[in-house]
Amino acid sequence: MAATNGYLGVTPPISVNESTEREKEVTVSLMEELHRQGVFESEEEARTREIVLGRLAAIVKKFVRKVSLAHGLSEAAADAAGGKIFTFGSYRLGVHGPGSDIDTLCVVPKHVSREDFFDVFEQILKETDGVTEVSGVPEAYVPIIKIKIQGIPIDLLMARLALSSIPDDLSLQDDNLLRNLDERCIRSLNGSRVVDEILRLVPNVEVFRDSLRCIKLWAQRRAIYSNVNGFLGGVAWAMLVARICQLYPNAIAGAIVSRFFIIMYQWTWPQPVLLKQIEDGPLAVRVWNPKLYPADRSHRMPIITPAYPSMCATHNVTASTQMIMTEEFKKGSEIVDRVIVGTAEWSELFTKHDFFHKYRYYLQVIASTGSPDLQIKWSGTVESRIRQLVMKLEYVDSLILAHPFIKGFEQVSYCLNGDEVRAVAQGDISEAIAKRKKEDIEGKEGASTVYSTTFFIGLAIEPKQPGTVGPRKLDISYPTTEFTKLVKMWEKYDEATMGIVVRHIRSSTLPDYVFDEGERQPRSAQKRPKTGKVVLANRVILRQMCRARDDGHRMLSRLILYQPLLSSRLPKMVSHRPTTRCLGWNLLQVPLPSTVLPSRILRISSLRSYPSVKTLPLPLALPCHDIRPTYIPSPLYGNVQTPT
């Protein structure tokens, strides 16, 4: 794309130099590593995707025709009404991998409503051969239907244009198409329009794609690739990489990746990331403007879409997820530095996350039903509200950080009686239940199948302050209660068929299914290190804190990265279990808790103060009384010009 000012972006490039020989060498090794990591799909899968999209286009036309006839249009008018699909996301960007989904937009004429999309179209999909796992979420910020066609996952959005028919040669680039549309339709259209604009705003599309493949894989491995859970989604990561490509227009992929981590770690949020200047237009639509809209001022890491109307793609980011991503940028920059100088391999950048080893205790959110189709809808609704729980937890005294994991864990349990149903719904899946198969319960009276999805939130608690005496209380009753109320406000919520449970769980009692084979350390090997090791670890932390840059965060939050070293000599936490009300759940009228908060108010104290307590002890995070938050400005890379 030609730029009127001689360059792409809102500022001149930092450097227009060609990449060095060393950067070319590391780029070759990077591409070799990406192939080893399996991020490129096969030709056979690529052909399958094309066939699937062709089938989907035909189904959309069938849907529009059916609705048109129902509205009284003639056969000829119904045939001419059309309907078209547009791809966006990773597939349109050209960085999709094996098994990745296809983000698809269904564009329909004005007489097709959103209700038709979720009632008529969803039913047509369910009746179509080869289409499985159909699940609509009409209440989402961008309403969506999730399906699989021939095993290919597809996310379907809908936009209704103010046109009587949709021609096959329709282009979405014209801003006038946005006239007389509601905000949900505009958001849906923006997905395709934004991706097309990103590709027009990068100096070299192939370099952009290679760099984005690397960053995308890194974000997925580090468990920070999820818009719904408060991290960044695919489009946001693409815009960050595109901005670095604009700043170094002649660099190749290895150099772009290196500069990505350096600049993103030092970025002065909430300064927005822009690929071009925000444009005003004649339409009565909202454009991102923190000076005008208070909600826009609250965005912590604003990354602004380049297509009109400009929106913030990262409005879900919370204080906790921002701190987590900042730490990951720092780690990534250190690894890539070593790769450049030849003391590390690219594979180190793609090391799996340590989420389930990082914290001493977690919140466990379990959504359960007795139907696989209902479970898809219910678990999706609960997942879309997890971010609200995280934001409420951030206001709890003594909690430094609430870290949501980016996906839920699905389980199908075959239960013989009501007691097992209740246990499964509360997250207690015994070894006997886990090994049981469907045929083991067939024909048995009182047996039933429970479908559950479990989400995890890691909790980091600040150390006990010097001079504090007696037990402390960590009261999470308000955020957890408000969260359960929020998910029950779903218009399709049925207390008799759906369960929602929130409870705390210690790291040592995490279920085996969250770990890869051989990843979990044997419990017998989890011994307490001696006190001297704790003192040494404290000194290591203090040195790391002094080296850290002043990035505006509470430096004490960095202690969470070293919790495995400090798991010894910790005060213990015991729980007071308040009386909870059990509510009905499944069609067999087996009582199942709708809300279980076994330790909504946690008392923090020394274990020896409660020698007879039988409840699960939860250790406090870090008793490092000698460490204080330290703010020492010392940038990691002082010679790098951060764009303004």
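Residues numbered from 1 in each chain as written. Predicted model: local features only at pLDDT ≥ 70, side-chain atom pairs only at ≥ 80, totals over all residues. Heavy atoms only, no water.

- Looking at an unreviewed UniProt entry, one finds the protein chain named Poly(A) polymerase and attributed to Somion occarium.
- Entered under Catalytic activity (unreviewed entry) in the UniProt record, the comment concerning the protein chain runs "RNA(n) + ATP = RNA(n)-3'-adenine ribonucleotide + diphosphate". (UniProt positions renumbered as here; feature names shortened; annotations may be inferred.)

1. Here's the deal with the overall build of the protein chain
Link 1 in the chain: Along the protein chain, the regular secondary structure elements total 17 helices and 16 strands.
Link 2 in the chain: When burial is assessed residue by residue, the protein chain has 54% of its 644 residues classed as buried.
Link 3 in the chain: Within the protein chain, contacts between residues at least 6 apart in sequence are counted, and of these 76% link residues at least 24 apart.
Link 4 in the chain: As presented, the protein chain carries roughly 28,600 Å² of accessible surface, and 51% of it is formed by carbon and sulfur atoms. (Helix = DSSP H or I, 4+ residues; strand = E, 2+ residues; numbered from the N terminus. Buried < 20%, exposed > 50% of the residue type's maximum accessible area, 1.4 Å probe, protein only. Contact = heavy atoms within 4.5 Å. Areas by Shrake-Rupley, 256 points an atom, 1.4 Å probe, with all protein chains shown as cover.)

2. Some remarks on helix H13 (residues 372-393)
Link 1 in the chain: Over its 22 residues, H13 runs 31 Å from end to end, which matches the ideal 32 Å to within 8%, given 1.5 Å per residue.
Link 2 in the chain: Roughly 30° is the biggest bend found in H13, and it falls at arginine 385.
Link 3 in the chain: Every buried residue belonging to H13 is among Gln375, Lys377, Trp378, Ser379, Thr381, Val382, Arg385, Ile386, Arg387, Leu389, Val390 and Leu393, and all of these are buried. (Expected span 1.5 Å × (residues − 1). Bend = angle between axes of the 7 residues up to and from the residue.)

3. Quick notes on the packing of helix H1 (residues 21-36) against helix H7 (residues 205-221)
Link 1 in the chain: Where H1 meets H7, the closest approach of the two axes is 11 Å, and the angle between their N-to-C directions is 55°. For the element pair H1 / H7, the angle class is oblique. The interaxial crossing formed by H1 with H7 has left-handed handedness. Together, Leu30, Met31 and Leu34 of H1 and Asp210, Arg213, Cys214 and Leu217 of H7 make up the contact between the two elements.
Link 2 in the chain: Considered class by class, the residues forming the contact of H1 with H7 number five nonpolar, no polar and two charged. (Axes fitted to C-alpha atoms, helices over the stretch in contact; angles between N-to-C directions. Parallel < 35°, antiparallel > 145°, perpendicular 65-115°, else oblique. Left-handed = near helix turned anticlockwise from the far one by under 90°. Nonpolar A, V, L, I, M, F, W, Y, C, P; charged D, E, K, R; others polar.)

4. A look at the sheet that holds strand E3 (residues 131-137)
Link 1 in the chain: The strand order E1-E2-E5-E4-E3 describes an open sheet built from five strands, whose pairing is mixed. Taken across any chain shown, the strands that pair with only one partner, and hence form the sheet edges, are strand E1 (84-88) and E3. Direction aside, the axes of adjacent strands within the sheet are offset by 25° on average.
Link 2 in the chain: As paired elements, strand E2 (residues 102-108) and strand E5 (residues 152-160) share seven bridges and run parallel to each other. Each bridged residue has a counterpart across the sheet, and for cysteine 106 the counterpart in E5 is methionine 158.
Link 3 in the chain: The strands touched by helix H6 (residues 183-200) are E1, E2 and E5; relative to E5, the strand with the most contacts, the crossing angle is about 120°. (Pairing = 2+ DSSP bridges.)

5. As for the environment of valine 336
Link 1 in the chain: Position of valine 336 among the secondary structure elements: in helix H11 (residues 319-341).
Link 2 in the chain: Judged by relative accessible area, which is 1%, valine 336 ranks as buried.
Link 3 in the chain: A sequence separation of 77 residues divides valine 336 from arginine 259, and the C-alpha atoms of the two residues are 9.2 Å apart.
Link 4 in the chain: Other than its neighbours up to four places away in sequence, valine 336 contacts Val257, Ser258, Phe261, Trp346 and Leu349.

6. Digging into the pattern of salt bridges
Link 1 in the chain: The full count for this structure, using the stated rule, is 32 salt bridges.
Link 2 in the chain: A salt bridge links aspartate 296 to arginine 286, with the shortest nitrogen-to-oxygen separation between them at 3.2 Å. Of this pair, aspartate 296 sits in helix H10 (residues 294-297) while arginine 286 sits in the loop between helix H9 (253-266) and H10; the two residues are ten residues apart in sequence, bridging distant segments of the chain.
Link 3 in the chain: According to the relative accessible area criterion, aspartate 296 is buried, its value standing at 5%.
Link 4 in the chain: For glutamate 420, the salt bridge is made with arginine 436, and the minimal N-O distance between the two is 2.7 Å. Of this pair, glutamate 420 sits in helix H14 (residues 418-425) while arginine 436 sits in the loop between helix H15 (431-435) and strand E9 (448-461); the two residues are 16 residues apart in sequence, bridging distant segments of the chain. Taken individually, glutamate 420 and arginine 436 each receive the classification buried, so the pair is uniform in this respect.
Link 5 in the chain: One network of salt bridges, in which partners are shared, links Glu197, Arg200, Lys276 and Glu279. (Salt bridge = Lys/Arg side-chain N within 4 Å of Asp/Glu carboxyl O.)

7. Brief notes about the pairing of E2
Link 1 in the chain: Burial analysis of E2 places seven of its seven residues in the buried class, which makes it a mostly covered element.
Link 2 in the chain: Burial along E2 is two-sided: Ile102, Thr104, Cys106 and Val108 and Asp103, Leu105 and Val107, pointing in opposite directions, are all buried.
Link 3 in the chain: Inspection of the sheet shows E1 paired to E2 by five bridges, in the antiparallel sense. Note on E2: the bridge partner recorded for threonine 87 is threonine 104.

8. Describing the packing of H7 against H9
Link 1 in the chain: Between H7 and H9, whose axes approach to 9 Å, the crossing angle comes to 50°. The orientation of H7 with respect to H9, classified from their angle, is oblique. At the point where H7 passes H9, the crossing takes the right-handed sense. Contacts between H7 and H9 pair Val207, Asp210, Ser211, Cys214, Ile215 and Trp218 from the former with Ala253, Ile256, Val257, Phe260 and Phe261 from the latter.
Link 2 in the chain: The residue inventory of the contact of H7 with H9, partitioned by class, reads nine nonpolar, one polar and one charged.

9. Details of the side chain of histidine 111
Link 1 in the chain: One can find histidine 111 in the loop between E2 and helix H5 (114-127).
Link 2 in the chain: Among the polar contacts made by the side chain of histidine 111, one reaches the side chain of serine 68 at a distance of 2.7 Å. (Polar contact = N/O pair within 3.5 Å; in protein donor to acceptor, adjacent residues only side chain to side chain.)

10. A closer look at H1
Link 1 in the chain: If you check H1, its first and last C-alpha atoms are 23 Å apart, about what 16 residues at 1.5 Å a residue would give, namely 22 Å.
Link 2 in the chain: Every buried residue belonging to H1 is among Glu23, Val26, Thr27, Leu30, Met31, Glu33 and Leu34, and all of these are buried. Buried residues of H1 fall within an arc of 160° about the axis and therefore sit on the same side. Across H1 from its buried face, at more than 90 degrees, point the exposed residues Glu21, His35 and Arg36.
Link 3 in the chain: Packed against the buried residues of H1 are H7, H9 and H11.
Link 4 in the chain: Remark: glycine 38 follows H1 within two positions and exhibits a positive phi of approximately 75°. (Arc of directions from axis to C-beta.)

11. Focus on the packing of aromatic side chains
Link 1 in the chain: In the structure shown here, the tally under the stated rule is 26 aromatic pairs.
Link 2 in the chain: When the ring of phenylalanine 117 is compared with that of phenylalanine 118, the centres are 5.1 Å apart and the planes differ by 85°; the resulting orientation is edge-to-face.
Link 3 in the chain: Classification of phenylalanine 118 by relative accessible area gives buried; the value is 11%.
Link 4 in the chain: Plain terms: the ring middles of phenylalanine 355 and phenylalanine 356 are 4.8 Å apart, the flat faces sit at 90° to each other, and that makes the pair edge-to-face. (Phe/Tyr/Trp six-rings, centres within 6.5 Å; stacked < 30°, edge-to-face > 60°.)

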